Amino acid sequence: MGAKIISGTEFRKEILDEISTEVNYIKEKHGVVPGLVTILVGENPASVSYVSLKIKTANEIGFKEVQENRPEDISEEDLLALIDKYNRDDTIHGILVQLPLPKHIDEKRVIYAIDPDKDVDGFHPVNVGRLMIGGSEVKFPPCTPAGIQEMIVRAGIKTEGAEVVVVGRSNIVGKPIANMLLQKSPGANATVTVVHTRTRDMAAHCKRADILIVAAGVPGLVKPEWIKPGACVIDVGVNRVGEKISEKTGKKVPILKGDVDFDAAKEIAGAITPVPGGVGPMTITMLMRNTLRSLKFKLGIA
Ligand code: NAP
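Residues numbered from 1 in each chain as written. Predicted model: local features only at pLDDT ≥ 70, side-chain atom pairs only at ≥ 80, totals over all residues. Heavy atoms only, no water.

Peer 1: Lay out the overall build of the chain with the relevant residues and their values.
Peer 2: Within the chain one finds ten helices and eleven strands. For 302 residues, the compact-globule estimate of 2.2 N^0.38 gives 19 Å, and the chain sits close to it at 19 Å. With the C-alpha coordinates of the chain rotated into their principal frame, the extents come out at 55 × 45 × 40 Å. By residue count, 49% of the 302 residues in the chain fall in the buried class. Across the chain, the fraction of contacts at a sequence separation of at least 24, relative to all contacts at a separation of at least 6, is 70%. Of the accessible surface of the chain, which amounts to about 14,900 Å², a share of 53% is contributed by carbon and sulfur atoms. Averaging the locations of the 39 positively and 38 negatively charged side chains of the chain gives two centres separated by 2 Å. (Helix = DSSP H or I, 4+ residues; strand = E, 2+ residues; numbered from the N terminus. Rg over C-alpha atoms; globule rule 2.2 N^0.38 Å. Buried < 20%, exposed > 50% of the residue type's maximum accessible area, 1.4 Å probe, protein only. Contact = heavy atoms within 4.5 Å. Areas by Shrake-Rupley, 256 points an atom, 1.4 Å probe, with all protein chains shown as cover. Lys, Arg positive; Asp, Glu negative; His and termini not counted. Charge placed at Lys NZ, Arg CZ, Asp CG, Glu CD.)

Quick look at the structure:
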């Protein structure tokens, strides 16, 4: 029997409906809506496409959305000044600077310049620390790990006492999701192992995972025989492995593959996320949820 497919596209719709309902309620009761500014530097096609989707989503659910596009050669000082402007703007609750930034700009300086109480990406060290402490300290869980946890919970996968193996230890996926799932809280309480390029026997670790989360960026890295029968497999990887012509638009679009061989893995796993349509749609959804959270913190109703 094939695995249950955990669809990020379906959860996305469900969660955005919930957010939209809350936005309407807050608007009526408090006369405000969540405000998000998206700052895009340059014209990197992937960044342009991510930002457009963020803007579209924010508009659909009734947020105030401010778009700030700046040329590739903007100076670091001018970018910091722009961030400062929105740090002081009371109608803006979330500041999103699309990464990566051009080489002449120090990304760290930019992230550190965002007010931690408007850092809806959850990348500022203050929010990384809050996440590490856990519980009520957490303000903005980073979007991709938050999306992963939300999918696991909504799919009814039990995390308490589960063996979780995370492949990859990046600051944006591997480390935070490992930290979130080991917290003493609902939707967590797991026993977590993190594996990476210096791990001695990756297969052996993966094979005992009840929940296997793969975020390496290597297509087909996890072999079907590494998956424990019935396990939940969350494939975070997004790898461009070629191009095809879209049936809808007639334009060239990338062919995307995950880090797991989906067709083979779905015959062994109990539940699995597809690529595309799995973790991807959840990331922007969690950005919206963090922006709403930011407003709720401000209103004292979080
Ligand atoms: P990253 O910063 O490149 O980190 C990759 C991690 O995987 C590193 O810790 C690396 O180990 C480990 N790794 C790489 N090759 C490995 C191998 N052969 N064996 C074991 N470990 C290996 O990547 P990232 O930013 O976390 O992203 C990972 C993937 O997720 C990418 O495909 C990315 O596009 C995707 N992603 C998707 C979303 C989404 O919204 N769907 C969001 C973020 C990322 P070392 O530390 O030892 O080098």
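Peer 1: Just give me the short version of the site of the ligand, but keep the residues and values in it.
Peer 2: Taken together, 20 residues lie around the ligand, and Arg-169, Ser-170, Thr-197, Val-238 and Thr-283 are the ones closest in. Contact between the ligand and Ser-170: an oxygen atom at 2.5 Å from a side-chain N or O atom of the residue. At a separation of 3.4 Å, an oxygen atom of the ligand approaches a polar backbone atom of Val-236. Here the ligand, which alone exposes 930 Å², has 68% of that area covered by the protein. (Near = heavy atom within 4 Å. Polar contact = N/O pair within 3.5 Å; in protein donor to acceptor, adjacent residues only side chain to side chain.)

Geometry only, nothing functional implied.
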